[in-house]
Each structure stands twice: as structure tokens, then as C-alpha cells.
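# Coordinate analysis (summary)
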Amino acid sequence: MKDTIVKVKNSKTFLVSAYLDFRSSRIVRILGITYRNEPDSLLCDFCHFYTNISIFAEQQVHTDHFNFPYGTTDLLCNVEGNGAPEYVSLYPKDNPEPVFLKIQNIDEQFNVLEPDFQYNFIICISAMFSAYSNELQFIQSMEMYRMLGAQKVIIYHTESSLHMKKILSYYIDLNFVELIPWPITSFLNVSKGWHYPDHPGDLHYFGQTAALNDCIYRNMYRSKYIALNDIDELIIPIVHKDWPEMLDYLLSIDPTFNVFIFENHVFPTTSQDKTNQQTPEDWISVPGLNILHHVYREPNRPDEINPTKMIVNPRSIVQVSVHVPLEYTGSEYKVPSDIAKLCHYREPKQKELDQSFLIEDNILEKYEASLIEKVNRVLNEVDFIKKEPSVRPDP
């Protein structure tokens with residue numbers, strides 16, 4: 001089964017992927033989406049030492065389902081014996097039409113040595129949808145990620161504009177972006193907001209938590225750390241040049257830190273705050289936001305819960321939500337805002353706030369010249385900046 005999402009026949013259960021997980025018990029962990037109000041009774045079936053073994057799947061619905069009818073769910077199948085099956089099937093007890101999944105992370109569970117990581121930092125982004133077309137900000141974010149130390153960006157892709165597909169192809173060719181097809185809209189009526197029932201739909205925000213959990217497990221032994229944030233967000237170190245330097249410092253405080261939490265700071269995009277003389281005039285023809293023009297942020301209100309995003313050691317994560325880990329090992333560290341900020345370039349959160357109460361923050365200044373150079377190069381290489389035709393002089 002190669003599809004990213006598959007429906008279990010005669011049920012209201014959808015499967016994403018299966019992973020061998022021996023960290024605390026011997027199980028196959030199947031990541032899925034289930035109907036919370038009437039959970040299906042499902043059987044796991046896998047070939048084990050030439051014998052078919054069937055057991056009931058234990059279902060653990062993630063607590064952050066935001067009250068939508070469907071929620072991200074772990075379906076756990078116990079593994080007997082010393083080996084491991086390569087495939088698992090799931091089916092309702094009364095309608096045995098199995099769906100097969102290839103089990104991943106098998107070799108890594110039997111490797112007692114520290115993994116030989118392919119990457120130090122991967123970013124998981126979910127999901128790109130609704131013909132996404134914020135092209136300039138996307139390029140700026142990709143180039144900032146590269147400067148900050150990311151070596152791969154995983155994007156769960158539902159839909160994007162034609163021009164955006166061209167930019168994605170550019171970064172795929174650089175081996176920097178990896179797209180995971182995410183056809184969630186073919187299976188469920190998803191919401192475009194967070195609050196049920198104000199934002200109608202059967203599943204929260206394009207199945208965001210299911211994609212994030214899959215990204216964690218898919219890359220658990222591929223990358224030393226994984227950052228979970230959106231395209232319009234940047235985790236920016238204040239006193240360090242990049243993420244590797246910042247993480248080295250934070251781990252020197254306590255090497256048991258496995259989850260690093262960064263507090264959200266909103267840079268409202270409703271007005272242009274800064275005109276940068278170095279920014280090429282041609283950029284104005286590129287669709288999307290120019291984050292360099294926004295240097296004022298809203299003050300965070302201490303009496304309100306402020307969203308956060310994370311950099312995690314994925315091998316410590318059992319379940320994760322959008323803003324916090326739900327289950328993990330080790331310890332968590334809330335990174336002070338004088339060490340790093342999560343900069344969120346979006347519409348105002350405090351819409352009633354007068355401009356005079358905004359805080360000037362030139363946090364991107366140390367990256368600015370390099371960012372402009374790198375973005376300009378990309379725009380030229382993907383032919384997004386229209387070049388004036390050369391004029392031959394009269395003889």
C-alpha cells in the first residue's frame with residue numbers, strides 16, 4: 001500500500017502509516033484517524049514466523065482533537081516473539097476485508113547503537129492547502145531555514161498554485177524540500193479553522209495533527225532534531241547565529257532536554273512598517289508577503305495562553321499536538337524570549353491594538369543582507385523576476 005491515506009473498508013477509520021515501536025513495549029503503532037463517537041472494533045493481522053496472528057487493536061485517540069468528530073488516533077498491535085513482521089493489516093471483526101500497510105522503522109528498533117543521522121535538523125510543515133500562493137514569503141522562509149541550520153523541509157501537500165509548484169520543484173531538485181502527498185480532502189470534510197462547530201468540518205484543520213505525528217515517526221531515526229512549525233513562522237535565535245549553536249548552549253544547561261518550546265510573537269502584516277532600500281524593486285511583482293517589511297510585533301498578554309511551537313528530539317516523542325507534546329520522555333524546556341523567539345508573520349491577533357502599542361523588533365537584521373541576496377538568486381533562477389529585453393544599439 002503506497003497511498004498516504006487509506007480507508008479501512010466497512011469502517012469509519014483511515015490509516016496513514018505503520019511503525020515498529022519497541023521503545024517502551026513491543027508494538028506496531030499504526031497512525032490513523034478515527035470517528036471518536038463510535039470507534040470501530042478492529043483486528044490487526046500480521047504474518048509472524050509463518051503463522052498468521054490476529055489481535056484486537058488498542059485505540060488511543062489523541063487528546064487534542066479540538067472537539068471535532070474525527071481525531072488522530074494511535075492503533076496499537078502487540079508483537080509476539082523476538083522478530084518483527086514486515087506488513088500489518090487492519091480490518092473490522094465483522095467485515096474482514098483487510099487493508100495492508102508496510103511496517104517502517106524495523107531495522108532501527110533492533111539497532112542498539114546511536115543512529116547514524118542523515119540530518120541534524122528537519123522541519124515538518126503541515127499542511128499546504130487551498131492553492132497556496134504566498135510565494136515570496138515561502139522562498140524567504142526556505143532561505144531562512146537553510147541559514148538557521150535546517151537541512152530538509154518535509155511538507156504535507158494537498159494543493160498549491162501553479163507558480164508555487166515551480167518553486168517547490170526548485171527546492172526538491174536541491175534536495176531541500178520533500179513533499180508528502182496529503183489527499184485528506186478526498187476522504188473527509190476538513191475544517192479550515194480551529195474551533196468546532198464555529199469552523200465546520202469533520203476533522204480539525206486538514207488533519208494537521210495526523211500529519212505532524214506521521215512526520216515525527218517517518219523521520220525519527222533520520223534526523224537528530226525535528227522542528228514543528230508553519231511556513232509563516234520562524235524560530236529566530238537572539239544571541240546565537242543558528243539552531244546548532246543555540247541547541248548546544250541549551251543542552252549545556254541540561255542534557256536531558258528533549259523538547260524545546262518557543263513562545264509565539266505576532267508580527268502583524270496589515271501594514272508595511274519598513275521599506276528596505278536593499279530589497280530589489282522587482283520583488284513587488286512576486287505574489288506574497290515580504291517579511292522584511294514588518295518589524296513591529298504585538299506585546300504578548302501575560303493573562304492569556306500564548307501558542308508555542310517546538311524543536312524536539314523525535315525519539316523521545318510518543319504523541320505530539322500542534323503546539324505541545326502530548327506524551328514524551330525526558331524533560332521540556334521553555335526557551336526564554338531573550339534566547340529565541342518564534343516570529344509569526346500573520347494578520348493581527350490583537351485587532352483592537354493601536355499602532356503606538358506595537359514593539360519595534362529588528363530581529364531579522366543580522367540575517368537581512370544575506371537573506372536578500374539568497375532570495376534574489378532564487379527568484380532569478382526560477383525566472384520569477386522579469387528581465388528587461390536587451391536593446392541593440394542602432395548601427
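Residues numbered from 1 in each chain as written. Predicted model: local features only at pLDDT ≥ 70, side-chain atom pairs only at ≥ 80, totals over all residues. Heavy atoms only, no water.

### As for unusual backbone geometry
A cis amide bond links S126 to the next residue, A127, at an omega of -20°. When you line up the elements, A127 lands in strand β10 (residues 119-128). Omega for the peptide link from Y196 to P197 comes to 5°, which places this bond in the cis form. Mapped onto the secondary structure, P197 falls in the loop between β12 (177-181) and α4 (208-218). Although it is not a glycine, S130 adopts a positive phi angle of roughly 55°. Within the secondary structure, S130 sits in the loop between β10 and α2 (135-148). The class for S130 is partly exposed, based on a relative accessible area of 40%. Phi is positive for Y205, which is not a glycine, with a value near 40°. Relative to the elements of secondary structure, Y205 occurs in the loop between β12 and α4. (Helix = DSSP H or I, 4+ residues; strand = E, 2+ residues; numbered from the N terminus. Buried < 20%, exposed > 50% of the residue type's maximum accessible area, 1.4 Å probe, protein only.)

### Notes on the nonpolar core
Grouped together as the largest cluster of nonpolar side chains are 60 residues, with contacts concentrated most on F138, Y171, W243, F260, I311 and L364. Within the second largest apolar cluster, 40 residues are counted, among which are L31, I122, L203 and L212. (Core = buried A, V, L, I, M, F, W, Y, C linked by side-chain atoms within 4.5 Å.)

### Notes on the confidence of the model for the protein
Any segment with low pLDDT has predicted coordinates that should not be analysed in fine detail. This prediction gives the protein a mean pLDDT of 92; 94% of its residues lie at or above 70. Within the model, pLDDT remains below 50 along residues 388-395, and this stretch shows 0 contacts once partners closer than five positions in the same chain are excluded. (pLDDT = per-residue confidence, 0-100. Contact = heavy atoms within 4.5 Å.)

### Quick word on the side chain of Q208
As for its position among the elements, Q208 is in helix α4. In this structure Q208 comes out as buried when scored by relative accessible area, which is 2%. Not counting residues up to four positions away in its chain, the partners in contact with Q208 are S126, W194, D230 and V322.

### Details of the packing of α2 against helix α3 (residues 162-173)
At a minimum axis distance of 10 Å, the contact between α2 and α3 shows a crossing angle of 15°. Taken together, α2 and α3 sit at an angle that is classed as roughly parallel. The crossing of α2 and α3 is right-handed. Together, E135, F138, I139, M142, E143 and R146 of α2 and H163, M164, I167, L168 and Y171 of α3 make up the contact between the two elements. (Axes fitted to C-alpha atoms, helices over the stretch in contact; angles between N-to-C directions. Parallel < 35°, antiparallel > 145°, perpendicular 65-115°, else oblique. Left-handed = near helix turned anticlockwise from the far one by under 90°.)

### Examining the side chain of N264
Along the chain, N264 turns up in strand β15 (residues 257-268). Polar contacts involving the side chain of N264 include one to the side chain of H344, which spans 3.2 Å. Sequence-distant contacts of N264, that is, excluding residues within four places in its chain, are made with E233, N300, N306, P307, L342 and H344. (Polar contact = N/O pair within 3.5 Å; in protein donor to acceptor, adjacent residues only side chain to side chain.)

### Some thoughts on the packing of α2 against helix α6 (residues 365-381)
With their axes 9 Å apart at the nearest point, α2 and α6 run at an angle of 125° to one another. Judged by the angle between their axes, α2 and α6 are oblique. Our pair here, α2 against α6, has a crossing hand that is right-handed. Here α2 contributes L136, I139, Q140, E143, M144, R146, M147 and L148 to the contact with α6, which in turn contributes Y367, S370, L371, K374, V375, R377, V378 and L379. Of the residues contributing to the contact of α2 with α6, the split by class is 10 nonpolar, 2 polar and 4 charged. (Nonpolar A, V, L, I, M, F, W, Y, C, P; charged D, E, K, R; others polar.)

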